[in-house]
Amino acid sequence: MLKVPEHQVAGHQAIDGNLGPLVDDSGRFYKPLQANERGTKELAFYQSLFSDTLVPDHIRRFFPVFYGSQLLEASDGSGLRPHLVLQDLASNHLNPSILDVKMGSRTWYPEASDDYIQRCLEKDRTTTSVSLGFRISGLQIYQSKESGFWKSARKDVLSFTADNVRLVLRKFVSSNSSVGSNAKLDCCFARSVYGGPAGVLEQLLELKTWFEDQTIYHFNSTSLLILFDEESLLKGRTPFAEVKLIDFAHVAEGEGVIDHNFLGGLCSLIKFISEVFSRI
Ligand SMILES: O=P(O)(O)O[C@@H]1[C@@H](OP(=O)(O)O)[C@H](OP(=O)(O)O)[C@H](O)[C@H](OP(=O)(O)O)[C@H]1OP(=O)(O)O
Ligand SMILES: Nc1ncnc2c1ncn2[C@@H]1O[C@H](COP(=O)(O)OP(=O)(O)O)[C@@H](O)[C@H]1O
C-alpha cells in the first residue's frame, strides 16, 4: 500500500491534497513527475546516469537506485500520473536523523525564465546559499523515544544563518540535543558519523574528487541528503551513515566545464563539518 513518507524533510509533500511523493513497504520511493518539463528532465537524468558508462560505479552508489517509472494514482487526486520509482533512502534506517542540504551558491541556471531566476536569486541571497555555497533545506534530528524528532519549520530553516548551520551540524551528531538549550552539545556521534573510514566526511571527499574532474553534468539546485541512525551505529550495522544526491529537475549538461557551483558548495560543506571536530 502506498503512503505518505514518514521521513520527508523538504520539497513538495503529499499532504492536504497536494502532489508529492509516496512510499511503499518494500523500500521504494515514488516521486511524481513534476510539471513544466521538470519531471521529464529528472526522468531523463536518471536514465542517463544509469546508462552512462562514463559515470563510475563507486559514484553511482551516491544516488538512489532507479527502478524506472510507473503510472500511479497521484496523491492530489488528479488521477494516473507517471512517477519515478526510486530506492527509499530512509527505509534502511530506524528513526533516521536527516539533513537536506541544497548545494551551490546559485540555484538558478541560465536557460531559466527571468521570473524563475529572480525568485532563485532572492532565495539564494536571503539564505546561506550565497555566503556559504549551500543551504539547509530541511532536517529532522532524532532526540529520544520520549521527545521524538527535532524538526524546524520551513520558514525557520530558510532563515538559518551561518551560526545556525554550525549549531545544526553539532546538534545532528549529539545525543543530548533534547536536554535543554543551555546544555553543551556532546557531539558524541561526531567521530563515527562524520569521521571514520565509512563516515560522512570520507564520502564527501570521494564525491569531491569526482566533482573536480567530471564535466558531464551541472547539478543545479540538487541536494545532498545526509542520513544516519543511532541504532545502526550502536549495533555496528552498515551503512549507518549515508550521503546521497537527490533532486535532478534542473540538471544541465556540463559541456566540458566542471560544476564549480556544486564543487564550491561541497568544499564549503566539508570545511563546516570538519570544524565540528575542532570544537569537541
Ligand atoms: O516555490 P517554493 O518556494 O516552494 O520553492 C521550491 C523550493 O523550496 P524552498 O523555498 O527552497 O524551500 C524547493 O526546494 P526544496 O526541494 O524544498 O529544497 C525546490 O527548489 C522547488 O523547486 P523544484 O521543484 O526543485 O523545481 C521550489 O519550487 P519552485 O519555486 O521552483 O516552483
Ligand atoms: N529517494 C528518496 N528516498 C527517501 N527520501 C527521499 C528521496 N528523495 C527525496 N526524498 C525526501 O523528499 C524530500 C524532497 O525531495 P526532492 O527530490 O528534493 O523533491 P522536490 O523536487 O519536491 O523538492 C527530501 O528532502 C527527502 O526528505
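Keep in mind that what you see is a predicted model, and the values were worked out from it rather than measured. Positions within a chain are numbered from 1, following the residues in the order the chain's sequence is written. Chains and ligands are labelled by the order in which they are written, letters from A for the one and numbers from 1 for the other. Per-residue local features are limited, in this predicted model, to residues with pLDDT of at least 70; the limit for side-chain atom pairs, both in listing and counting, is 80 or more; totals at the level of whole chains, interfaces and linings are taken over all residues. Note that the side-chain values use all heavy atoms of the structure and ignore hydrogens as well as water.

A. The overall build of the protein, seen in detail. In this text, helices come from DSSP runs of H or I with a minimum length of four residues, and strands from runs of E with a minimum of two, each type numbered from the N-terminal end. The secondary structure content of the protein amounts to 10 helices and 11 strands. The globule rule puts the C-alpha radius of gyration for 280 residues at 19 Å, and the 18 Å found for the protein is close to it. Each of the three principal axes of the protein carries a C-alpha extent, and together these read 50 × 45 × 35 Å. Throughout this description, buried means an accessible area under 20% of the type-specific maximum (1.4 Å probe, protein chains only), exposed means over 50%, and partly exposed covers the range between. When each of the 280 residues of the protein is scored for burial, the buried share is 52%. Residues count as neighbours in contact if any of their non-hydrogen atoms are within 4.5 Å of one another. Residue pairs at least 24 apart in sequence account for 65% of intrachain contacts in the protein once pairs closer than 6 positions are excluded. Per-residue accessibility takes into account occlusion by the displayed protein chains alone, with areas from the Shrake-Rupley method and a 1.4 Å probe. Counting every atom, the protein has about 13,400 Å² of accessible surface; 51% of that belongs to carbon and sulfur. This radius of gyration counts C-alpha atoms alone. The globule rule is 2.2 Å times how many residues there are, raised to the power 0.38.

B. Broad picture of the site of ligand 2. Proximity is defined per residue: if any heavy atom of the residue lies within 4 Å of a molecule or strand, that residue is considered near it. In the vicinity of ligand 2, 18 residues are found, and the nearest of them are Val-9, His-12, Lys-31, Leu-89 and Asp-100. Within 3.5 Å is the distance limit for a polar contact, defined as a pair of N or O atoms, with the added protein rule that one can donate a hydrogen and the other accept it, and that residues adjacent in sequence qualify only through two side-chain atoms. Here an oxygen atom of ligand 2 sits 2.7 Å away from a polar atom, N or O, in the side chain of Lys-31. Relative to its unbound accessible area of 550 Å², ligand 2 is 93% covered by the protein chains. Under the scheme applied here, ten amino acids are nonpolar (Ala, Val, Leu, Ile, Met, Phe, Trp, Tyr, Cys and Pro), four are charged (Asp, Glu, Lys and Arg), and all others, including Gly, are polar. Taken together, the residues that form the shell around ligand 2 break down as eight nonpolar, six polar and four charged. Residue ranges assigned to the domains are those given by an automatic or database domain assignment. Two domains each put at least three residues into the shell around ligand 2: domain 1 (22-87) and domain 2 (97-278).

C. Inspection of unusual backbone geometry at higher detail. Here Thr-238 and Pro-239 are connected by a cis peptide whose omega angle stands at -5°. Here Pro-239 is to be found in the loop between helix H9 (230-234) and strand S10 (241-246). At Asn-36, a position not held by glycine, the phi torsion is positive, near 55°. As for its placement among the helices and strands, Asn-36 is situated in the loop between strand S2 (28-32) and helix H1 (38-49). Take Asn-36: its relative accessible area is 64%, and that puts it in the exposed class. Positive phi values are uncommon outside glycine, yet Ser-221 reaches one of about 65°. With relative accessibility at 5%, the residue Ser-221 sits in the buried group.

D. Geometry of the nonpolar core. We call a set of buried residues a nonpolar core when its members are Ala, Val, Leu, Ile, Met, Phe, Trp, Tyr or Cys and they connect through side-chain atoms within 4.5 Å of each other. Residues Tyr-194, Phe-219 and Leu-224 are the most contacted members of the largest nonpolar core, which totals 60 residues. Take this core: its biggest share by element is eight residues, from helix H10 (residues 260-278). Of the residues that make up this core, three or more belong to each of domain 1 (22-87) and domain 2 (97-278). Not counting the four nearest positions on each side in its chain, Tyr-194 is found in contact with Leu-169, Phe-172, Val-173, Phe-189, Gly-199, Val-200, Leu-201, Glu-202, Ile-273, Val-276 and Phe-277. The next biggest cluster of nonpolar side chains, apart from the first, holds six residues, and it includes Val-9, Leu-89, Leu-225 and Leu-227.

E. View of the domain arrangement of the protein. Here the protein is described as being made up of domain 1 (22-87) and domain 2 (97-278). Measuring from the centre of the C-alpha atoms in domain 1 to the corresponding centre in domain 2 gives 21 Å. Facing the 19 residues of domain 1 at the interface are 18 residues of domain 2. The term salt bridge refers to a side-chain nitrogen of Lys or Arg lying within 4 Å of a carboxyl oxygen of Asp or Glu. Our count for the domain 1 to domain 2 interface comes out at two salt bridges. For Arg-61, the salt bridge identified is with Glu-206, shortest N-O distance 2.8 Å. Counting across the interface, domain 1 meets domain 2 through seven residue pairs in polar contact (both at pLDDT 80 or more).

F. Up close: the environment of Glu-146. Turning to its location among the elements, Glu-146 is positioned in the loop between strand S6 (134-144) and strand S7 (148-151). Spatially, the C-alpha atoms of Glu-146 and Ser-178 are 9.6 Å apart, while their sequence positions differ by 32 residues.

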